[in-house]
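Spelled out from the first residue to the last, the chains are:
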Amino acid sequence: MSVLKEFTKGIWKENPVLVLMLGMCPTLAVSTSAKNALGMGIATTFVLAGSNVVISWVRKFIPSNVRIPCYIVVIAVFVTIVEMLMGAYAPAELNKTLGIYIPLIVVNCIVLGRAEAFASKNGAFASMLDGLGMGLGFTLALMALGGVREFLSAGTLFEYVVVPGWPDFLLFKLPAGAFIVLATFLAIMNYRRIRKAEREGTSYTPPEMDCSRCHICK
Amino acid sequence: MSEQTTIRMPDTSKLVVSSSPHYHDMGSIPKIMFTVLAALAPAVFASIYFFGWRALLVLSVCMVSCAAIEALLCRLMRRRISIGDGSALVTGLLLGMTLPVTSPLWMCIVGSFIAIGLGKMVYGGLGGNPFNPASVGRVALLLACPSAMTTWVTVSGCALNKWVVDATTGATPLELVAQNQPGPGFWSLFLGNIGGSIGETCTLALIVGGVFLIALKIIRWQIPVFFIGTVFLITGIAYMVSPCPKFNPMTHVLSGGLMLGAFFMATDMVTSPLNRKGAVVFAIGCGIITTIIRLWGSYPEGISYAILIMNALTPLIDRYTAGRPFGVARKASQKNA
């Protein structure tokens, strides 16, 4: 039961994008369409699960003073694998759109954050589930953002025309649109939480994994 | 004769005890907003005269949707519905005046939603917004629908008998001068017999409205004068250095959104600096940015960008131009500042 919880927490309760506010750079940059979001999500999930497992294996041997460089090396290995795999098998167009954001997964806060906060303290199986769950949460959040942005800007989803004759509305394809849609999502999430807390007679506090508790940049 | 001294006590029923300020001019937000609407009326008539009756439709749709969206958002935010103060109507009218007469109506509604929702209500309503809502709406639409926002009709005199003037597309004077071609003559520019957004073309009507607001002390004269003056000065110097149509200061001052922006958008009380010194800095900044965008930028027009950029700097300007409280020594006030 508790093992399953490690997997599901990343999807909604501790969603890396919408709750933990990690990985904002790829979130804002790559969510121009649902397809780009899905590609980016899968790549990040693979890196996250793989690096979590390896870091969990070697966590006992890493001196704590140099742990961050060690994590980066492990993560970089997986990112290199993903980059080569995508270069070989992913559609060329998708590969071109994602471009620099694939190598940049190395410094993605989600990957480094889960390595530091979870994989370095837990077993390999739990770490893998955590990585998969967080990756899935990232993918879903990115696809929701990408879907909304793609629909609002062109009336399509996964390049399939949903509303014929939708006028071009470029704002949501531009960076400004990314900020507007993400802010709207976060506002709705916070509104729901505050309302829920009000109903229960408590006040809303962010989950344990917010920036103030994470000691990576101490 | 007995002299009896009586101490006269003041009639307490006639004394009013209140805290300061003791004197005010009975102004209110609705009063100011409806005066601004009245000041815009000449420009609205001019736009109907030159562009046809569809101009009125675009303006009305913008005003109604701005008010409706503000009412809706107030309800969602569980606040008092604030459309009675008229500020949403002013935002709607100004937004409509910056759109081309051919804009589709859905664009007016979306622009109103962005102006009121993202430009004003998310910051907590009137008084909390750092940016001029109408400029926010216009810039968002310009980014979103660049082709619809730059489709101009050709204007030729009275169009009161038409729904919309002939659908032949023409260039605005600023687009002409950006390509280094001579713009229209002085009287066309001054009266508004030129292509452009609905409310920006008739310089005469905008100046009449602006002077009316300055006379009523609703806006500061410093902002329009220094704004327009800076644009005139910089383009004038450029014209003296190389006299080609691109730098003609008369075309630059009389065309585009300069009059509308300088008199009605840059002077927005919420988003412009609090005192005179700040207003001058603000207006000169607006003028410089506008001229830079017009002469060297990729857009032919830059008023709304200039206003938004200077809106962002307004808190900083206010901070550095804050007045010295009466009675405070010069050194001490600087130390505390």
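Criteria and cut-off values
- Residues numbered from 1 in each chain as written.
- Chains lettered and ligands numbered in written order.
- Predicted model: local features only at pLDDT ≥ 70, side-chain atom pairs only at ≥ 80, totals over all residues.
- Helix = DSSP H or I, 4+ residues; strand = E, 2+ residues; numbered from the N terminus.
- Buried ≥ 20, exposed ≤ 12 C-beta atoms within 10 Å, placed from the backbone.
- Contact = placed C-beta atoms within 7 Å.
- Rg over C-alpha atoms; globule rule 2.2 N^0.38 Å.
- Expected span 1.5 Å × (residues − 1).
- Nonpolar A, V, L, I, M, F, W, Y, C, P; charged D, E, K, R; others polar.
- pLDDT = per-residue confidence, 0-100.
- Axes fitted to C-alpha atoms, helices over the stretch in contact; angles between N-to-C directions.
- Parallel < 35°, antiparallel > 145°, perpendicular 65-115°, else oblique.
- Left-handed = near helix turned anticlockwise from the far one by under 90°.

A. Focus on the overall build of chain B. Scanning chain B for helices and strands turns up 15 helices and two strands. Each of the three principal axes of chain B carries a C-alpha extent, and together these read 100 × 45 × 45 Å. Here chain B holds 337 residues, and 47% of them are scored as buried. Partitioning the contacts of chain B with sequence separation of at least 6, the portion at a separation of at least 24 is 72%.

B. Seen up close, the overall build of chain A. On a plain count of helices and strands, chain A comes out with eight helices and two strands. Secondary structure elements in chain A, listed N-terminal to C-terminal, are α-α-α-α-α-α-α-β-β-α. Here chain A has a C-alpha radius of gyration of 18 Å; the compact-globule value for 218 residues is 17 Å, and the two agree. When its C-alpha atoms are laid out on the principal axes, chain A stretches across 60 × 55 × 35 Å. For chain A, the proportion of its 218 residues judged to be buried stands at 40%. Put simply, of all contacts in chain A between residues at least 6 apart along the chain, 77% involve residues at least 24 apart.

C. Layout of helix α10 (residues 222-241) of chain B. All names here are of chain B. Its 20 residues place the ends of α10 28 Å apart at the C-alpha level, agreeing with the 28 Å of an ideal helix rising 1.5 Å per residue. Listed as buried for α10 are Q222, I223, P224, F226, F227, I228, T230, V231, I234 and T235. In this structure, the buried side of α10 is in contact with α9 (203-215), α11 (249-254), α12 (258-265) and α13 (276-296).

D. How the structure looks around the interface of chain B and chain A. Taken residue by residue, the interface counts six residues in chain B and seven residues in chain A. At three residues, helix α5 (residues 133-144) of chain B tops the list of elements feeding residues into the side of chain B that touches chain A. Tallied by class, the residues present in the side of chain B that touches chain A amount to six nonpolar, no polar and no charged.

E. Layout of the confidence of the model for chain A. Model confidence for chain A is summarised by a mean pLDDT of 88, while 93% of its residues fall at 70 or above. Helix α3 (residues 34-58) of chain A holds the highest mean pLDDT among the elements of chain A, 94, whereas helix α1 (residues 2-8) of chain A holds the lowest, 83.

F. The arrangement of the packing of α5 of chain B against helix α14 (residues 303-320) of chain B in detail. Residue and element names in this part refer to chain B. Running from N to C, α5 and α14 point in directions that differ by 130°, and their axes come no closer than 9 Å. On the basis of the axis angle, α5 is oblique to α14. Two packed elements cross with a definite hand, and for α5 against α14 that hand is left-handed. Within the contact between the two elements, α5 uses S135, R138 and V139 and α14 uses S304, Y305, I307 and L308. Residues that form the contact of α5 with α14 fall into these classes: four nonpolar, two polar and one charged.

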